[in-house]
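# Geometric and topological summary
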Amino acid sequence: MLGVLIGAVIFGDLADRLGRRYILWLTSTGQFIFGIAVAFTFNYTSFVIVRFLLAMVSSGYLVVVFVYVTEYTGIKARTWASMHIHAFFAVGIMVVALVGYLARTCSVNFGGNEFLNLFLIGAVELPAYAIACLGMDRIGRRNTLIPFLIMSAVICGIVMLIPQDFNTLSIVANMAGKFAIGIAFGLIYLYTAELYPTVVRSLAVGSGSMMCRVGSVVAPFCVYLSSVWIFFPQLIVGIMAFLTGVLTLLLPETLGRPLTNTWAEAAELDDWVTKKSPSEKSLPAQNDATLEKMEMLNQGACGTD
């Protein structure tokens, strides 16, 4: 996990300095080399070192390829193109669960089938990403993110009220929570890329990804808080989700906006929303194509690879 934290930030920063294409080549080549090398490690130390390097280049590749796809696609296709990247990870989770079940590497009992749970976690993300795309394109990034963050907080509260012997109801509630937070997770990558200018976009997305992995590191330790109070972990997650949803109200909307290239342009995102007249908010459809051309020209002028 440390390699994931470091790689997301380092390669994100390098992509902003040297260009996306070069870092994509570097990280993809690194994944190929270290992915094969890990199979030939001869002791625990070499295994840890190679896995650390593999985690670094893999996280760097994810961040840079996401930003590259975001910048390469036009305004109309950007939402669905970005969500396709997340969808592949969801499918990967489902495949891992299926392979693990078929291999029967772990003992399985119907009350706590870890393979089924993992499969459902991946399966629920696919409709979540579809809903996220529809919401982002119709009501905006911010207006989609806020309700689903607050919804995930509410579901955490509902889980606390469900009796422990109601296994089916608990699974349904947990999957509903995963659905809500899955929408927020998939959306926030694109929203971050649109909020920050080209000069620091990869670093911004990489830093956000790093904080996500910090949460992954901390999460298992939160389980130990259940010894203090059984619902302590749900309470912490619910409060954090609610506060994040409220603070998102302070962010500008980026729907329909060309990607910004400088800090000055990024600072004007609020003005774009608040100062537009009603006639400007209902521009003809052909202006979308004009905005896309302007965006491509601006990206080219900034030397985005």
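Conventions we followed
Within every chain, residues take consecutive numbers counted from 1 along the sequence as written. In view of the model being predicted, local features appear only for residues whose pLDDT reaches at least 70, and side-chain atom pairs are presented and counted only at 80 or more, with totals across whole chains, interfaces and linings using the full set of residues. As a convention, hydrogens and water are excluded, and side-chain values are obtained from all of the structure's heavy atoms. UniProt positions are given in the numbering used here, feature names are shortened, and annotations may be inferred rather than shown by experiment. Secondary structure counts use DSSP, requiring at least four H or I residues in a row for a helix and at least two E residues in a row for a strand, with both numbered from the N terminus. By convention in these notes, a salt bridge is any Lys or Arg side-chain nitrogen within 4 Å of a carboxyl oxygen on Asp or Glu. When accessible area is computed with a 1.4 Å probe and restricted to protein chains, residues below 20% of their type maximum are described as buried, those above 50% as exposed, and intermediate ones as partly exposed. Only residues whose relative accessible area exceeds 30% and that form no salt bridge are eligible for patches; like-charged ones are grouped when within 9 Å, while nonpolar side chains (Val, Leu, Ile, Met, Phe, Trp, Tyr) are grouped when within 5 Å. The accessible surface values rely on the Shrake-Rupley method and a 1.4 Å probe; as for residues, cover is taken only from the protein chains in view.

## Remarks on the UniProt feature "transmembrane region" (unreviewed entry) in the protein chain
- Per the UniProt record, the feature "transmembrane region" (unreviewed entry) sits at residues 22-42, 48-69, 81-103, 115-132, 144-163, 169-191, 203-226 and 232-251.
- Counting secondary structure, residues 81-103 comes out at 100% helix and 0% strand; the distance between its end C-alpha atoms is 34 Å.

## Re the pattern of salt bridges
- According to the stated counting rule, one finds eight salt bridges in the structure shown.
- Note that Arg20 and Glu71 form a salt bridge whose closest N and O atoms lie 2.7 Å from each other. Residue Arg20 is found in helix 2 (residues 20-37), and its partner Glu71 is found in helix 3 (residues 44-72); the two are separated by 51 residues along the sequence.
- Classification of Glu71 as buried rests on a relative accessible area of 8%.
- Of the charged contacts in the structure, one is a salt bridge between Arg141 and Glu194, with a shortest N-O distance of 2.8 Å. With Arg141 in helix 6 (residues 141-161) and Glu194 in helix 7 (residues 167-195), this pair connects stretches of sequence that are 53 residues apart.
- Members of the salt-bridge network, linked through shared partners, are Asp16, Arg20, Glu71 and Arg201.

## Quick word on a nonpolar patch on the surface
- On the surface, a cluster of nonpolar side chains totalling about 800 Å² of accessible area is made up of Val228, Trp229, Ile230, Leu235, Ile239, Phe242, Leu243, Val246 and Leu249.
- Mapping Leu235 onto the fold places it in helix 9 (residues 232-247).
- For Leu235, a relative accessible area of 32% puts it in the partly exposed group.

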